[in-house]
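Single-letter residue listing:
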Amino acid sequence: MELLIRHGLIVTQDAARRVIEGDVMVEDGLITSVGKGGSGSDHVIDAEGGIVMPGLFNTHTHVGMTDLRGLLDDMNLEPFLEKTFRLDNGRTSGEIQSASIHAIHEMLAGGTTSFADLYYSEDVIAEACGQTGIRGFLAWVTLDREITTQKGDPVKNADDFCKRFSKPGLVTPMVGLQGVYVCSEETAMAAKSVAHRRGRGMHMHLCETRHEVYSHEARTGRRPVDWLSSIGFLDGSAPLLAAHGAWLTRNEMKTLHAAGVSVSSCARSNMKLGSGIPPVEELRSEGVTVSLGTDSATTSNNLDMFEEMRTASLLQKVNKWDASVLPASGVLDMVTRNAAGSLGVLGTLGSIEEGKKADIILLDRRSARLFPLGKENVIQQIVYSAQSSDVTHTIVDGRQVYSRGGSEGAPWNGMTPS
Ligand SMILES: [Zn+2]
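Position numbers for residues start from 1 in each chain and track the written sequence from start to end. Confidence filtering applies because this is a predicted model: local features only for residues at pLDDT of at least 70, side-chain atom pairs given and counted only at 80 or more, and all residues used for totals across whole chains, interfaces and linings. Excluding hydrogens and water, the side-chain figures rest on all heavy atoms present in the structure.

Undergrad: Is there a simple way to explain the overall build of the protein chain in this structure?
TA: The secondary structure listing takes helices from DSSP runs of H or I that are at least 4 residues long and strands from runs of E that are at least 2 residues long, numbered from the N terminus. Along its length, the protein chain carries 14 helices and 16 strands. For a compact globule of 418 residues, the expected C-alpha radius of gyration is about 22 Å, and the protein chain comes in at 21 Å, within 12% of that figure. Dimensions of the protein chain, computed from C-alpha atoms along their principal axes, come out at roughly 65 × 45 × 40 Å. Counting all 418 residues of the protein chain, 61% fall into the buried class. In short, Shrake-Rupley with a 1.4 Å probe defines the accessible areas, and a residue's cover is counted only from the protein chains shown. Accessible surface, the protein chain: about 16,000 Å² in total, of which carbon and sulfur atoms supply 50%. Positive and negative side-chain charges of the protein chain, numbering 40 and 51 respectively, have mean locations separated by a distance of 2 Å. The reference for a compact globule is 2.2 Å times residues^0.38; the radius of gyration itself is calculated from the C-alpha atoms. Buried means the residue's accessible area, taken with a 1.4 Å probe over protein chains only, is under 20% of the maximum for its type, while exposed means over 50%, and partly exposed covers the values in between. For this count, His and the chain ends are skipped, Lys and Arg are scored as positive, and Asp and Glu as negative. Here the site of a charge means atom NZ of a Lys, CZ of an Arg, CG of an Asp or CD of a Glu.

Undergrad: What am I meant to see in the coordination of the zinc ion here?
TA: Reference values for angles at a metal are 109.5 degrees in the four-donor tetrahedral case and 90 or 180 degrees in the six-donor octahedral case. Protein coordination at the zinc ion: the donors are His60 (NE2), His62 (NE2), His205 (NE2) and Asp295 (OD), at 2.1 to 2.4 Å from the metal. Each of the four donor atoms bound to the zinc ion contributes to angles spanning 82 to 174°, and the resulting shape is irregular. In the primary sequence, the donor residues of the zinc ion line up as H-x1-H-x142-H-x89-D. In this pair, His60 sits in strand β6 (residues 56-61) while His205 sits in strand β10 (residues 202-206), placing the two residues 145 residues apart along the sequence. Just as His60 is buried, His205 falls in that class too. Any N, O or S atom lying within 2.8 Å of the metal counts as a donor, with the limit raised to 3.2 Å for Na, K and Ca; because water is left out of the atom set, some sites can appear incomplete. Note on geometry labels: four donors, all angles 85 to 135 degrees, give tetrahedral; four donors become square planar and six octahedral when opposite donors are over 155 degrees apart and every other angle is between 65 and 115; remaining cases are irregular.

Undergrad: What am I meant to see in the pattern of salt bridges here?
TA: Note on pairing: side chains with opposite charge can pair once their charged atoms come close. We define a salt bridge as a contact between a side-chain nitrogen of Lys or Arg and a carboxyl oxygen of Asp or Glu at a distance within 4 Å. Using the criterion set out here, one finds 26 salt bridges in the structure. Between Arg197 and Asp159 there is a salt bridge, with its nearest N and O atoms 3.3 Å apart. Of this pair, Arg197 sits in helix α5 (residues 185-198) while Asp159 sits in helix α4 (residues 154-164), and the two are 38 residues apart along the sequence. Look at Arg197 and you get exposed, because its relative accessible area is 53%. Judged by its relative accessible area of 13%, Asp159 is buried. Across the salt bridge formed by Lys320 and Glu282, the nearest N and O atoms sit 2.4 Å from each other. Of this pair, Lys320 sits in helix α11 (residues 305-320) while Glu282 sits in helix α10 (residues 280-285), placing them 38 residues apart in sequence.

Undergrad: In this structure, what is going on with helix α12 (residues 328-335)? I would like to understand it.
TA: One turn of the α-helix equals 3.6 residues, which is why residues spaced by three or four share an orientation. In terms of burial, α12 is a largely internal element, seven of the eight residues being buried. Of the residues making up α12, those classed as buried are Ala328, Gly330, Val331, Leu332, Asp333, Met334 and Val335.

Undergrad: How should the environment of Met107 be read in this particular structure?
TA: Among the secondary structure elements, Met107 is positioned in helix α2 (residues 93-109). Expressed as a C-alpha distance, the spacing of Met107 and Thr289, which sit 182 residues apart in the sequence, is 23 Å. Contact definition: two residues touch when any of their heavy atoms are within 4.5 Å. Every residue in contact with Met107, bar those within four places of it in the chain, is listed here: Asn58, Val63, Thr112, Phe115, Ile134 and Leu303.

Undergrad: Help me understand the pairing of strand β7 (residues 112-119), please; the structure alone is not making it clear to me.
TA: When a strand is regular, its side chains alternate between the sheet's two faces. Of all eight residues in β7, eight are buried, a share of seventy percent or more. At least two bridges found by DSSP between two strands is the condition for calling them paired. Here β6 runs beside β7; their pairing, made up of four bridges, is parallel. Within β7, the residue paired with Thr61 across the bridge is Asp117. Both β7 and strand β8 (residues 135-142) contribute to a ladder of six bridges, which runs parallel. Across the sheet, residue Ala116 finds its bridge partner in β8, namely Phe137. The β-α-β motif built from β7, the intervening helix α3 (residues 122-132) and the parallel element β8 has right-handed crossover chirality. Consider the strands pointing away from the viewer: the crossover is right-handed when the path from the first strand over the helix to the second runs clockwise.

Undergrad: Is there a simple way to think about the sheet that holds strand β9 (residues 171-177) in this case?
TA: Pairing between the strands of a sheet comes from backbone hydrogen bonds, and it takes one of two forms, parallel or antiparallel. With parallel pairing, eight strands are arranged side by side in an open sheet as β6-β7-β8-β9-β10-β11-β12-β13. Unpaired on one side and paired on the other, β6 and β13 (290-292) mark the two borders of the sheet. Ignoring strand direction, the axes of neighbouring strands in this sheet form an average angle of 25°. Lines fitted to C-alpha atoms define the axes, with helix axes restricted to the stretch in contact, and inter-axis angles between N-to-C directions lie between 0 and 180 degrees. Helix-sheet contacts for α3 involve β7, β8 and β9, and the interaxial angle to β8 is about 175°.

Undergrad: Explain the pairing of β10 here, please?
TA: β10 sits mainly inside the fold: five of its five residues count as buried. Bridge count between β9 and β10: three bridges; the pairing is parallel. Bridging from a neighbouring strand, Leu177 pairs with Met204 of β10. Sheet topology places β10 next to strand β11 (residues 240-244); five bridges connect them, and they run parallel. Its bridge partner being in β11, Met202 is matched across the sheet by Leu240.

Undergrad: Is there a simple way to think about the nonpolar core in this case?
TA: Across soluble globular proteins, you tend to see nonpolar side chains buried next to one another. Take the buried Ala, Val, Leu, Ile, Met, Phe, Trp, Tyr and Cys residues and link them wherever side-chain atoms come within 4.5 Å; each set so joined is a nonpolar core. Counting 113 residues, the largest nonpolar core has Phe233, Met309 and Ile382 as its most contacted members. Top contributing element to this core by residue count: α2, with six residues. Two domains share this core, each providing at least three of its residues, namely domain 1 (2-54 + 350-403) and domain 2 (56-342). Filtering out sequence-adjacent residues up to four positions away, Phe233 remains in contact with Leu177, Ala188, Met189, Lys192, Met202, Met204, Leu228 and Leu240. Core analysis: the second largest hydrophobic core is formed by 16 residues, Ile5, Ala47, Leu362 and Ile395 among them. Either an automatic procedure or a domain database provided the assignment from which the domain bounds are taken.

Below is the structure:
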């Protein structure tokens, strides 16, 4: 199947960060030419001079919780988790599937083409990915068996999930950890050994709140990163994506960097829960790869990566009283190249380059808030001005999975998902 995107202002996000005017040609899910004139395609989209850019990555969320949106607000993380665990007890697969489908539609309409999820029932969420055509990096969450609401042993469930979805496709299985507050040394190491044995990455909450850090220190004598390091969890045998990292010392950042751990920063979730200001500038200066996540719709209340980009940057600037920190180019890298790197897929995703998978979004040139638009300011327009409603088309794996104005519940008008 061929797809030709014509007349684009192409933000490639390649190694040289080239912005070029022209066409993008896609064949069988792969980008075959960038910038040159294309012709003779089954399907043509005219970008009309609008922005053509890599699809966005949301590297930390819980799509299965979307049906709890608006029901868990205005409370700190600890009572939030208590209430969430209680609600999780009675949830059905049907509810999780419906919540996930709604979340995915919201993400596709907002230009997100890949998301990293941390939850149980990831098999149900994997089905939702297949139905909608989004790319999912799905981590089955583990925690101590005696407190879980999951049926059976969470570590075995994670292992079974990785085995069942081992075939390459839209879904990449991963192994999750809820956090050090519900994972003993035995659980953490068992989960890591599953990830290592299956050749999969890991995803966990880490140092999200002051309470998490101080209570862990009171219980074990070590802060969470030092503790994970001391038990051998950070030996690099399974790549780790750590969500939040809002409460880290410089030494802990050095430890994370040495262990190859990347961080998904969730500014709006940290702000809404009153958790703290994530030290993104310090993490970047220590060489840690940072990407951005919305967290679930119960904490940041939408899954909008344009809002997340802008907020992440503004929060760092006001925190440092310095407008030069976390510039637009750095933010755009976080939701494209950095995110792909943190999930181990920079070789195939995260930029518009020949040979890469065609995960591409288009933004409307006619949007008043994107005026004026040219090569010299396009990155700033994306990060500081654009809104998710400016997205006109979302393409994953060469398939158009959303177009603005497409009928509700069937966003892939024009092309049938295969
Ligand atoms: Zn989370």
